[in-house]
Amino acid sequence: RRKYVKLTFSLLRSNLVPMSALSLSTLSHVKTTFSVRKGGRSQLDVATPLSRTRGVFRCKVNNRRSLKVLAVAEPIVADKAHESDLVGLSGLEGKAMLSALKPDWPTKKEILSVIPEHCFEKNTTTSMMYAAISTVLTVTPGILAYMFIPLQAAYVPAWIAYAAVTGTIATGAWVVAHECGHGAFSNNKFIQDLVGYVLHTALLVPYFAWQRSHAVHHSRTNHVTEGETHVPALAEEAESKFTFKLRDGMGDGPFALVHTLIVLAFGWPVYLLTGASGGPVRGKTNHFWPFAGATGRHALFPGGWKDKVFMSDVGIVGFLGALAYWAYSAGSVWPVIALYVGPYMFTNAWLVLYTWLQHTDVDVPHFGPESWTWEKGAFMTIDRPYGPLFDFLHHRIGSTHVAHHLNHQIPHYHAKEATEAIKTAFPDLYLHDPTPVWKATMRVAAKCIGVQKNKLGNDLWTFAPSA
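## Some details on the overall build of the chain
Of the regular secondary structure elements, the chain holds 16 helices and ten strands. Here the chain, with 467 residues, has 53% of them falling under the buried criterion. Pairs at least 24 residues apart make up 70% of the contacts formed inside the chain by residues separated by at least 6 positions. For the chain, the exposed area adds up to about 20,900 Å²; of that, 62% sits on carbon and sulfur atoms.

What follows is the structure in structure tokens.
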């Protein structure tokens, strides 16, 4: 089993907090040997889980004065995680949970100061090159499929394969438009919005409406009431209780598979139309009708954003009209379904998968209004190992997402360098889960259903084992 927990040691070693301040007595007692530098040895049971790493840090021994000691400790195994209200451990091994308990955090200015200045520079030519690459790679399979795959039932497996490949490639175009929406594409705002509007509209994404809701997501990441997208339900709610019962009846494996398929297939359109998984304070929102949902401070589309939503609607209606005319001219809807709708579904699935796994796992907390800060929320972002092929096709959207949340105007072609700088400067805060993506998805789908207040306090909310 994976071991618990790496970060506690680094916190103590850095003299950031005394051992007692971590308040982790609910986890387990661990036999620890302290070797005091001046000589002498003392054995005692402590309530702080440490990794097997050894090093010097300050702590209090038997409530005496603070001593500088050398510690070696046995880790807590994963099956003890439930004692701290965690439903399990991810490949992070509790690191996010422990960083959330830090009493002092770097400021946004301090965080951004470690990133090399040239990482913030946008090059229109370079950005256009990546946009062109993604577009050409997306269109080419469509041309080949139109020329060589017959529209016959016997070729359904070939059409499914085409949809998977083309939809996966098209996600790169989606990411380019996403970068435009963040202002990371070009200093020329007209070119930036034109490229983003065209690419997102071709993927039936309301460019300006999504630009606004996604900005809210970045401004309130992992806020349990004011976040936007993949905000977890409360464990005590009726919907969560029903889901828990369903999972218990089906078993973790079958439930995780069915849950994943439903979320990946329908999560994106349901979010656009109803605001599902959006912040509870905003109510039922709609990315095509800006008057839906809350008004006032928590309105998703306040003021002039309403006009921009309608500008997005014009593009979506126009593109839907083009698809309808295509079906009419072909005398059948099947060419549209085979060549466009199939890949579209796979692109949506990739989008939901990325956003789902970027801020959600069994030991990654959310914050209530008393404890949330922008810095905490941004650092609750998880980089994952998608591999060189998907990193190339999707412009590293999943493997450099921490840097993206710390500053969304870093172009993707500088994100890897920015990530290395962040990792070096803040090793105790940077989150990277080495778990294979498919395995992480099954874990999240099975275990991350509803949150409850964690008994460690600090207004932390973690996923509950049951209703």
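## Here we look at the layout of surface pockets
Vacant regions in the atomic arrangement are exposed by a probe of water-molecule size rolled over the atoms. The volume enclosed by the second largest pocket comes to roughly 460 Å³. For the lining of the second largest pocket, the secondary-structure elements that each account for two or more residues are helix H4 (124-148), helix H5 (156-182), helix H6 (189-202), helix H10 (305-330) and helix H11 (334-359). When its residues are assigned to classes, the lining of the second largest pocket shows 15 nonpolar, five polar and no charged.

## With respect to the environment of Ala202
Mapped onto the secondary structure, Ala202 falls in helix H6. Residue Ala202 is classed as partly exposed on the basis of its relative accessible area of 27%. Not counting residues within four places of it along the chain, the set of residues in contact with Ala202 comprises Phe319 and Tyr340.

## Looking at H6
The α-helix winds at 3.6 residues per turn, so residues separated by three or four positions along the chain end up facing the same way. An ideal rise of 1.5 Å per residue puts 20 Å on 14 residues; H6 measures up with 20 Å between its terminal C-alpha atoms. For H6, every residue scored as buried is listed here: Gln192, Asp193, Val195, Gly196, Leu199, His200 and Thr201. For H6, the elements touching its buried residues are H4, H5, helix H7 (207-219) and H10. Two or three places before Phe190, at the start of H6, stands the capping residue Asn188, its side-chain oxygen 3.1 Å from that residue's backbone nitrogen. Just downstream of H6 lies Leu204, where phi reads positive at about 60°.

## Looking at empty space enclosed by the protein
Within this structure, the stated rule accounts for three cavities of 30 Å³ or more. Considered as a void within the structure, the largest cavity measures approximately 120 Å³ in volume. Forming the walls of the largest cavity are 16 residues, and the residues nearest its centre are Glu179, Ile397, His404, Ile410 and His412. Residue assignment for the lining of the largest cavity shows that the elements contributing at least two residues are H5, helix H14 (401-406) and helix H15 (412-425). By residue number, the principal contributor to the lining of the largest cavity is H5, which donates four residues. Broken down by class, the residue content of the lining of the largest cavity amounts to six nonpolar, eight polar and two charged. Considering the residues around the second largest cavity, the lining is formed by 13 residues, among which Asn222, Thr229, His230, Val231 and His366 are closest to the centre. A class-by-class count of the residues in the lining of the second largest cavity yields one nonpolar, ten polar and two charged.

## A few points about the sheet that holds strand S8 (residues 366-367)
Ordered in space as S7-S9-S10-S8, the four strands form an open sheet in which the pairing is mixed. Strands at the two margins of the open sheet, each flanked by one partner only, are strand S7 (233-234) and S8. Bridge count for strand S9 (residues 450-453) against strand S10 (residues 460-463) is three bridges, and the pairing is antiparallel. Note on S10: the bridge partner recorded for Gln452 is Thr462.

## Considerations on H11
With 26 residues, H11 extends 37 Å between its outermost C-alpha atoms, agreeing within 8% with the 38 Å of an ideal straight helix rising 1.5 Å per residue. Of all the bends in H11, the greatest reaches close to 35° and is centred on Tyr340; the proline Pro343 follows between one and four positions later. Counting buried residues in H11 gives 20 out of 26 residues, a clear majority hidden from the surface.

## As for the nonpolar core
Membership of the largest hydrophobic core comes to 33 residues, with the highest contact counts inside it found for Trp174, Val205, Trp268, Leu353, Leu357 and Tyr386. For this core, the elements supplying multiple residues, two or more each, are H5, helix H9 (252-274), H11, helix H16 (437-447) and S10. When residues of this core are assigned to their parent elements, the largest contribution, eight residues, is made by H11. If we ignore the near neighbours within four places in the chain, the residues touching Tyr386 are Trp350, Tyr354, Leu357, Asp391, Gly398, Ser399 and Val437. Ala96, Met380, Ile382 and Ala418 belong to the second-largest nonpolar core, a separate cluster that totals 32 residues.

## What about the pattern of salt bridges?
Side-chain pairs of opposite charge can arise where the charged atoms are in close proximity. According to the stated counting rule, one finds 15 salt bridges in the structure shown. Of the charged contacts in the structure, one is a salt bridge between Arg443 and Asp361, with a shortest N-O distance of 2.8 Å. Highlighted residues: Arg443 in helix H16 and Asp361 in the loop between H11 and S8, separated in sequence by 82 residues. Using a relative accessible area of 0% as the deciding quantity, one classes Asp361 as buried. Note that Arg384 is salt-bridged to Asp433, the shortest N-O span being 3.2 Å. Of this pair, Arg384 sits in the loop between helix H12 (374-378) and helix H13 (387-393) while Asp433 sits in the loop between H15 and H16; the two residues are 49 residues apart in sequence, bridging distant segments of the chain. One exposure class covers both Arg384 and Asp433, and it is buried.

## Section: the packing of H11 against H16
One way to put it is that H11 packs onto H16 with a least axis distance of 11 Å and a crossing angle of 75°. As the angle between them shows, H11 and H16 are arranged roughly perpendicular. Packed against H11, whose contacting residues are Leu353, Trp356 and Leu357, the element H16 presents Val437, Ala440, Thr441, Val444 and Ala445 at the interface. Residues that form the contact of H11 with H16 fall into these classes: seven nonpolar, one polar and no charged.

## Focus on a nonpolar patch on the surface
Side chains of Leu151, Val156, Ile160, Val333, Trp334, Ile337, Val341, Met345 and Phe346 sit close together on the surface and give an oily, nonpolar patch of about 760 Å² of accessible area. Among the elements that take part in the nonpolar patch, H11 stands out by supplying five residues, more than any other. Position of Ile160 among the secondary structure elements: in helix H5.

Cut-offs applied
Residues numbered from 1 in each chain as written. Predicted model: local features only at pLDDT ≥ 70, side-chain atom pairs only at ≥ 80, totals over all residues. Heavy atoms only, no water. Helix = DSSP H or I, 4+ residues; strand = E, 2+ residues; numbered from the N terminus. Buried < 20%, exposed > 50% of the residue type's maximum accessible area, 1.4 Å probe, protein only. Contact = heavy atoms within 4.5 Å. Areas by Shrake-Rupley, 256 points an atom, 1.4 Å probe, with all protein chains shown as cover. 1 Å grid on protein atoms, 1.4 Å probe; cavity = no way out; pocket = protein on both sides within 12 Å on 5 of 7 lines; lining within 4 Å. Points joined across faces, edges and corners; volume = space filled by probe spheres on them. Nonpolar A, V, L, I, M, F, W, Y, C, P; charged D, E, K, R; others polar. Expected span 1.5 Å × (residues − 1). Polar contact = N/O pair within 3.5 Å; in protein donor to acceptor, adjacent residues only side chain to side chain. Pairing = 2+ DSSP bridges. Bend = angle between axes of the 7 residues up to and from the residue. Core = buried A, V, L, I, M, F, W, Y, C linked by side-chain atoms within 4.5 Å. Salt bridge = Lys/Arg side-chain N within 4 Å of Asp/Glu carboxyl O. Axes fitted to C-alpha atoms, helices over the stretch in contact; angles between N-to-C directions. Parallel < 35°, antiparallel > 145°, perpendicular 65-115°, else oblique. Patch = residues over 30% accessible without salt bridge, like charges linked within 9 Å, V, L, I, M, F, W, Y side chains within 5 Å.

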